[in-house]
Amino acid sequence: MERLRANLAGVILGKPEAIDLLLTALLAGGSVLMEDVPGVGKTTLAKALAKSLSLDFHRVQFTPDLLPADILGGNVFNPADGSLTFRPGPIFCNVLLADEINRASPRTQSALLEAMAEGQATVEGNVRPLPAPFFVLATQNPADFHGTFPLPEAQLDRFLVRLTLDYPAAEAEVDMLFDQARVHPLETVEPVLTGEDLLKMQAAVRSVFVERPVAEYVVEVCRRTRQEKRLDLGASPRGSLMLFRAAQAAAYLAGRDFVRPDDVQRVAAPVLAHRCMLSGEAKFSGTKKADVLREAIAAVPVPA
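Cut-off values and rules
- Residues numbered from 1 in each chain as written.
- Predicted model: local features only at pLDDT ≥ 70, side-chain atom pairs only at ≥ 80, totals over all residues.
- Heavy atoms only, no water.
- Helix = DSSP H or I, 4+ residues; strand = E, 2+ residues; numbered from the N terminus.
- Rg over C-alpha atoms; globule rule 2.2 N^0.38 Å.
- Buried < 20%, exposed > 50% of the residue type's maximum accessible area, 1.4 Å probe, protein only.
- Contact = heavy atoms within 4.5 Å.
- Polar contact = N/O pair within 3.5 Å; in protein donor to acceptor, adjacent residues only side chain to side chain.

## Side note on the overall build of the chain
Turning to step 1, where the next piece is worked out: Helix and strand counts for the chain stand at 14 helices and 11 strands.
Turning to step 2, where the next piece is worked out: For 304 residues, the compact-globule estimate of 2.2 N^0.38 gives 19 Å, and the C-alpha radius of gyration of the chain, at 20 Å, lies within 12% of that figure.
Turning to step 3, where the next piece is worked out: With the C-alpha coordinates aligned to their principal axes, the bounding extent of the chain is approximately 70 × 45 × 40 Å.
Turning to step 4, where the next piece is worked out: Put simply, the chain has 304 residues, and 48% of those count as buried.
Turning to step 5, where the next piece is worked out: At a minimum sequence separation of 6, the contacts of the chain that also span at least 24 residues come to 77%.

Below, the structure written as structure tokens:
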């Protein structure tokens, strides 16, 4: 994992927190929603991850006229013998970059729901398993809403974390100019792990020990979001499960085989923010969701 982190850090400069959060989601077996402005390296980060893991990578540019069949694939008629042959769509890969997912229609967006939740796709009535490991990295632009279809809460809840890269620091941006002067750093990325290695790590993450008081802390953090008056929608029970798994992955990434409360605190906001909805009064008063979550988490007693 250190070599994988170094690979990504060599391509995306000055963003160690975002890289660690991406690796946490990868180890936990969840999907990632990257909400950021164009040109900050979202596609580059996804490609670097796929190259580092020797995995099959597909990129789909979502547009309003994209159909579910364009993602899932379908049966193709063979006139020679009258048979039907299944032609898999781009979703049948290990790493899928769903670029500008909010530009596709809700019907097409929903084609990803089953894949992200169950690791399978239903095509023309037939259930087809997706390759393992399977990882979805979706992006959306928060600054341009013309011709977009906002993701419904049901689909947002399927993403393990939502992260942002944001603009780099001035020094990191200058370093980027020189790094790409002759050759893009992505071209020098070498594989450091295999898909089999990743599957073993994901299995090891599920075995990271969690004491019952820490699990109760996870649940209480999520329950506090449901009781918060400034939120119309709090974290669902799936949010509790995702926070539990993300905390296990964060502990594993830190080199430990047990979860501490600070692991939960470190990943709570990225895991829960997109699962919560501000009330109308809080939204129009300028309240920020991150501040509400920070206060809600701080109000929960930390287990000794």
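## Digging into helix α6 (residues 111-118)
Turning to step 1, where the next piece is worked out: When α6 is considered as a whole, its buried residues turn out to be Ala-111, Leu-112, Leu-113, Ala-115 and Met-116.
Turning to step 2, where the next piece is worked out: The secondary structure elements touched by the buried residues of α6 are α4 (68-72), β5 (95-99), α5 (106-109), β6 (120-123), β8 (135-140) and α7 (153-156).
Turning to step 3, where the next piece is worked out: Gly-119 sits one or two residues past α6 and shows a positive phi near 65°.

## Re unusual backbone geometry
Turning to step 1, where the next piece is worked out: Of note, the amide linkage connecting Ala-132 to Pro-133 takes the cis form, showing an omega dihedral of -5°.
Turning to step 2, where the next piece is worked out: Along the chain, Pro-133 turns up in the loop between β7 (126-129) and β8.
Turning to step 3, where the next piece is worked out: With a phi angle near 55°, Ser-54 is a residue other than glycine that sits in the positive phi range.
Turning to step 4, where the next piece is worked out: Summarising the element assignment, Ser-54 is placed in the loop between α3 (42-52) and β2 (57-61).
Turning to step 5, where the next piece is worked out: The phi dihedral of Asp-166 is positive, around 65°, even though this residue is not glycine.
Turning to step 6, where the next piece is worked out: Overall, the relative accessible area of 43% leaves Asp-166 in the partly exposed class.

## A closer look at the side chain of Asp-263
Turning to step 1, where the next piece is worked out: Turning to its location among the elements, Asp-263 is positioned in helix α12 (residues 261-272).
Turning to step 2, where the next piece is worked out: Its relative accessible area of 0% is what places Asp-263 among the buried residues.
Turning to step 3, where the next piece is worked out: In terms of polar contacts, Asp-263 uses its side chain to reach the side chain of Arg-256, at 2.8 Å.
Turning to step 4, where the next piece is worked out: Excluding anything up to four places from it in sequence, Asp-263 contacts Ala-247, Ala-250, Ala-251, Arg-256 and Phe-258.

So yeah, pure geometry; function would need other evidence.
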